[in-house]
Amino acid sequence: MCIRDRQSLVPRVVTRCIQSLEKWGMDEEGIYRISGRSSHSSRLRALWDVPGADLNMAEISPADLDVHSVCSVLKMYLRELPERLIPQDLALEIDKVMSEHLPTERAPEELRSGELLLRDDAAADALVAALAPCLGRIPCAQWYLLREIAEHLGQLTQPPTVVRTKMPLSNLTLVLAPTLQVSGAVFMALVQF
């Protein structure tokens, strides 16, 4: 596991987007699903493309900065990373661990709930224990970035927030798992656990 200064490893654009979204977007219906205004997204992207840029977006109200544009910029940044957050060989290994620990058959109502369903806490603990060695091999910078994103999305999946945003874990998975280049099951496990 990496033991470094987290702030030096998580890109400022990610930190600032998450701060803004956690301040202004927790009530925003369709967060991460609805595209932002292209004019806002383009301006934000241009600002962040300047080396050394820092824009405290949490201090800019939604009247002046579209929350969905902040989501769009964050998704663009993650999509354009030069390396995957989880290297391909490790992603395959993690997918194998997931398949060994997830139930093979689920009832239709369980699938619609959008949660990674394990029969009990012991099954969840076993999955987390099996994933830990794999996750510990993720390169340091990617690990911290993945952790930051997972913690942020974990806040978005809290029931009171989901009621307001209409974005349960299943919807966030559909929108963001391809961006992060991870399977849906891995995405759900990272956010939940």
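Residues numbered from 1 in each chain as written. Predicted model: local features only at pLDDT ≥ 70, side-chain atom pairs only at ≥ 80, totals over all residues. Heavy atoms only, no water.

**A few points about the overall build of the chain**
Here is the rule we go by: The helix count covers DSSP runs of H or I at least four residues long, the strand count covers runs of E at least two residues long, and both are numbered beginning at the N terminus. Only protein chains enter the accessibility calculation, which uses a 1.4 Å probe. A residue is then buried if its area is under 20% of the maximum for its type, exposed if over 50%, and partly exposed in between. Here, residues are in contact when the closest pair of their heavy atoms is within 4.5 Å. Computed by Shrake-Rupley with a 1.4 Å probe, the accessible areas treat only the displayed protein chains as cover when residues are assessed.
When helices and strands are counted, the chain shows 11 helices and 0 strands. Looking at the chain residue by residue over its 193 residues, the buried ones come to 45%. Pairs at least 24 apart in sequence give 78% of the contacts found in the chain among residues at least 6 apart. In the form shown here, the chain has an accessible surface area of approximately 10,100 Å², with 54% of it arising from carbon and sulfur atoms.

**Considerations on the packing of helix α5 (residues 88-101) against helix α11 (residues 184-192)**
What counts, and what does not: Throughout, an axis means a line fitted to C-alpha atoms (over the contacting stretch in the case of helices), and angles, computed between N-to-C directions, take values from 0 to 180 degrees. Comment on the angle field: the value is read as roughly parallel under 35 degrees, roughly antiparallel over 145, roughly perpendicular from 65 to 115, and oblique elsewhere. Charged residues are taken to be Asp, Glu, Lys and Arg, nonpolar residues to be Ala, Val, Leu, Ile, Met, Phe, Trp, Tyr, Cys and Pro, and polar residues to be all remaining types, Gly included.
Packing of α5 against α11 leaves a shortest axis separation of 9 Å and a crossing angle of 80°. The angle between α5 and α11 falls in the class roughly perpendicular. Residues Ile94, Asp95 and Met98 of α5 pack against Ala185, Val186 and Ala189 of α11. Within the contact of α5 with α11, the residues separate by chemical class into 5 nonpolar, no polar and 1 charged.

**Topic: helix α10 (residues 169-180)**
Restricting attention to buried positions, one finds in α10 the residues Leu169, Ser170, Leu172, Thr173, Leu176, Ala177, Thr179 and Leu180. Elements in contact with the buried residues of α10: α4 (67-79), α8 (140-156) and α11. Gln181 sits one or two residues past α10 and shows a positive phi near 60°.

Take it as geometry only, folks, not as evidence of what the structure does.
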